[in-house]
Amino acid sequence: MPAPAGSSDRPQVNRQWRLARRPKDVIDAHTFRLVQTPVPEPQEGEFLVRVVYLSLAPVQRAYIIDGGVIEKPLRLGDIMRGRGVGYVVASRHPDYAEGDVVHGPFGWQDYAVSDGSGLTIKMRIWAQSISTGIGVLGVTGFTAYFGLFDIAQIRAGETVLVSGAVGGVGSVAGQLAAIAGCQVFGIAGSDEKCRLAVSTLGYTAAINYREDDLPARIRATCEGGIDVYFDNVGGEILEAAIDHIAQHGRIVLCGSISQYLSNEEKRGPRNYFDLVYRNARMHGFHIYSFASRFAEAEARMARWLTDGRLVFAEDRLQGLEQMPAALDRLFNSANTGKQVVQIADDPISAKF
């Protein structure tokens, strides 16, 4: 693998997006401020990463509002939090060498110093692109994997419904359920996304929630009821799924993007007690609790990528300056697949 440039010919400027103000609703360029700082030098026990791709996820909006439950809210002036993938370009850490490919919580910046904590992971496999380290072979893909196989314990022949069907996690969850031998149905926000779900991502059929009578379409599409519902959006769509959950059905709570921009007080689904009559369960989980098994998920999904049974759906923008707009795309349903931004040349990944 060709090693990235060493410290002697690294640029001396590190661009960073920092939090400038807390948005009331729409995220835009005024929410953040782009600054330039010197490229940091790693100290003993640290290494320096040249970030190549940055990940966008709905929870990042929560980071600048209330912390997203498990994180402390960012302070004004802090570097915007987020995961990225790149190359080690200088190291004073015994476990990381120059040229290693790593993904971790590097923030919205060109260069990041790390000590290996915060779920910083050395990639062993990256298929067509190292961007898979923040997609299907990273936390995004692992969320779909453990949500389906451990939390839902899906079985061949079951009916699986996935909301946010062509988003980052949803695009992987639908494919994994199909690989497991399930009938897989998706919910998405446009006819084009529904077509993509069926033609590329292994869904049996997909429902456009903006155009269709959602409860009626779920009833007609999932005739015997929903055995597993993988929820990425919450709100009314979660309630519609509960209305059609099968006996002994399972609901995996992954995301609630429909409520992230709402100023209304958050509430539970109105019909949650239907789960009692159906002997069903609704189970939330946090992906970091599966960290000790990430290598297992990476290895299995990498094999499926190599075999062509799994594809990585990626919506890629170019340039660090695109980060605020890229985050906003998640809340406008503009992205198809995992939203990433490439901020540097990728010298080793295949062009595709």
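Residues numbered from 1 in each chain as written. Predicted model: local features only at pLDDT ≥ 70, side-chain atom pairs only at ≥ 80, totals over all residues. Heavy atoms only, no water.

### Focus: the overall build of the protein chain
- Scanning the protein chain from terminus to terminus reveals 10 helices and 15 strands.
- For a compact globule of 352 residues, the expected C-alpha radius of gyration is about 20 Å, and the protein chain comes in at 20 Å, within 12% of that figure.
- Across the 352 residues of the protein chain, 53% fall into the buried class.
- Accessible surface computed for the protein chain: about 15,500 Å², of which carbon and sulfur atoms make up 50%.
- Taking the 36 positively charged and 39 negatively charged side chains of the protein chain as two groups, their mean positions are separated by 2 Å. (Helix = DSSP H or I, 4+ residues; strand = E, 2+ residues; numbered from the N terminus. Rg over C-alpha atoms; globule rule 2.2 N^0.38 Å. Buried < 20%, exposed > 50% of the residue type's maximum accessible area, 1.4 Å probe, protein only. Areas by Shrake-Rupley, 256 points an atom, 1.4 Å probe, with all protein chains shown as cover. Lys, Arg positive; Asp, Glu negative; His and termini not counted. Charge placed at Lys NZ, Arg CZ, Asp CG, Glu CD.)

### Describing empty space enclosed by the protein
- Applying the stated criterion across every chain yields a total of 1 cavity of 30 Å³ or more.
- Its boundaries defined by the atoms lining it, the largest cavity holds a volume of some 50 Å³.
- Taken together, Ser131, Gly135, Val136, Gly168, Ser171, Val172, Phe312, Ala313, Glu314, Lys338 and Val340 form the lining of the largest cavity.
- Listed by contribution, the elements that provide at least two residues to the lining of the largest cavity are helix 3 (168-179) and strand 15 (338-342).
- With 3 residues, helix 3 is the largest single contributor of residues to the lining of the largest cavity.
- Here the residues of the lining of the largest cavity sort into 5 nonpolar, 4 polar and 2 charged. (1 Å grid on protein atoms, 1.4 Å probe; cavity = no way out; pocket = protein on both sides within 12 Å on 5 of 7 lines; lining within 4 Å. Points joined across faces, edges and corners; volume = space filled by probe spheres on them. Nonpolar A, V, L, I, M, F, W, Y, C, P; charged D, E, K, R; others polar.)

### Looking at the sheet that holds strand 12 (residues 245-253)
- Pairing is parallel across the open sheet formed by 6 strands, whose spatial order is 10-9-8-11-12-13. Each having just a single partner strand, strand 10 (205-208) and strand 13 (281-284) make up the two edges of the open sheet. Mean inter-strand twist for the sheet, computed between neighbouring axes without regard to direction, equals 15°.
- When strand 9 (residues 183-188) meets strand 10, the two strands line up parallel, connected through 4 bridges. Across the sheet, residue Phe185 finds its bridge partner in strand 10, namely Ala205.
- The strands that helix 2 (residues 139-152) touches are strand 11 (226-231), strand 12 and strand 13; relative to strand 11, the one it contacts most, it runs at about 145°.
- Sitting on the sheet, helix 5 (residues 214-221) touches strand 8 (159-163), strand 9, strand 10 and strand 11, and the angle it makes with strand 10 is about 170°. (Pairing = 2+ DSSP bridges. Axes fitted to C-alpha atoms, helices over the stretch in contact; angles between N-to-C directions. Contact = heavy atoms within 4.5 Å.)

### Some details on the pattern of salt bridges
- Counting across every chain of the model gives 15 salt bridges.
- Salt-bridge contacts for Glu239 lead to Arg270; the nearest nitrogen and oxygen are separated by 3.3 Å. In this pair, Glu239 sits in helix 6 (residues 235-243) while Arg270 sits in the loop between helix 7 (257-260) and helix 8 (274-277), placing the two residues 31 residues apart along the sequence.
- Arg329 is paired through a salt bridge with Asp315; the nearest N and O atoms lie 2.8 Å apart. Taken together, the positions of Arg329 in helix 10 (residues 323-331) and Asp315 in strand 14 (residues 314-318) put the pair 14 residues apart, joining distant regions of the chain.
- A cluster of three or more residues bridged by salt bridges with shared partners is formed by Arg15, Arg50 and Asp110. (Salt bridge = Lys/Arg side-chain N within 4 Å of Asp/Glu carboxyl O.)

### What to know about the nonpolar core
- Residues Leu176 and Met301 are the most contacted members of the largest nonpolar core, which totals 44 residues.
- Counting only elements with at least two residues in this core, the list comes to helix 2, strand 8, helix 3, strand 9, helix 4 (191-199), strand 11 and helix 9 (294-307).
- Element by element, the count of residues in this core is highest for helix 2, at 8 residues.
- Residues Ile27, Phe32, Val49 and Ile64 belong to the second largest nonpolar core, which totals 28 residues. (Core = buried A, V, L, I, M, F, W, Y, C linked by side-chain atoms within 4.5 Å.)

### Some points on unusual backbone geometry
- If you check the backbone angles, Leu119 has positive phi at about 55° while not being a glycine.
- Note on placement: Leu119 falls in the loop between strand 6 (111-114) and strand 7 (121-122).
- A positive phi is found at His248, a non-glycine position, where the angle reads about 65°.
- Structurally, His248 can be placed in strand 12.
- Residue His248 is classed as exposed on the basis of its relative accessible area, which comes to 54%.

### What about the pairing of strand 5 (residues 101-104)?
- Burial along strand 5 is two-sided: Val101 and His103 facing one way and Val102 and Gly104 facing the other are all buried.
- Relative to strand 5, strand 4 (residues 84-91) runs antiparallel, the two sharing 4 bridges. What sits directly across from Gly86, in strand 5, is Val102.

### Comments concerning the packing of aromatic side chains
- In the structure shown here, the tally under the stated rule is 12 aromatic pairs.
- With 4.9 Å between their ring centres and 45° between their planes, Phe32 and Trp108 make a pair best called tilted. In this pair, Phe32 is assigned in strand 2 (residues 32-38) and Trp108 in the loop between strand 5 and strand 6, connecting sequence segments 76 residues apart. With respect to class, Phe32 is no different from Trp108; both count as buried.
- Relative to Phe290, the ring of Phe146 lies with its centre 4.6 Å away and its plane at 15°, an arrangement referred to as stacked. A residue pair is termed long-range when its members are at least 10 positions apart, and Phe146 in helix 2 and Phe290 in the loop between strand 13 and helix 9 qualify at 144 residues.
- Given a relative accessible area of 13%, Phe290 falls into the buried group. (Phe/Tyr/Trp six-rings, centres within 6.5 Å; stacked < 30°, edge-to-face > 60°.)

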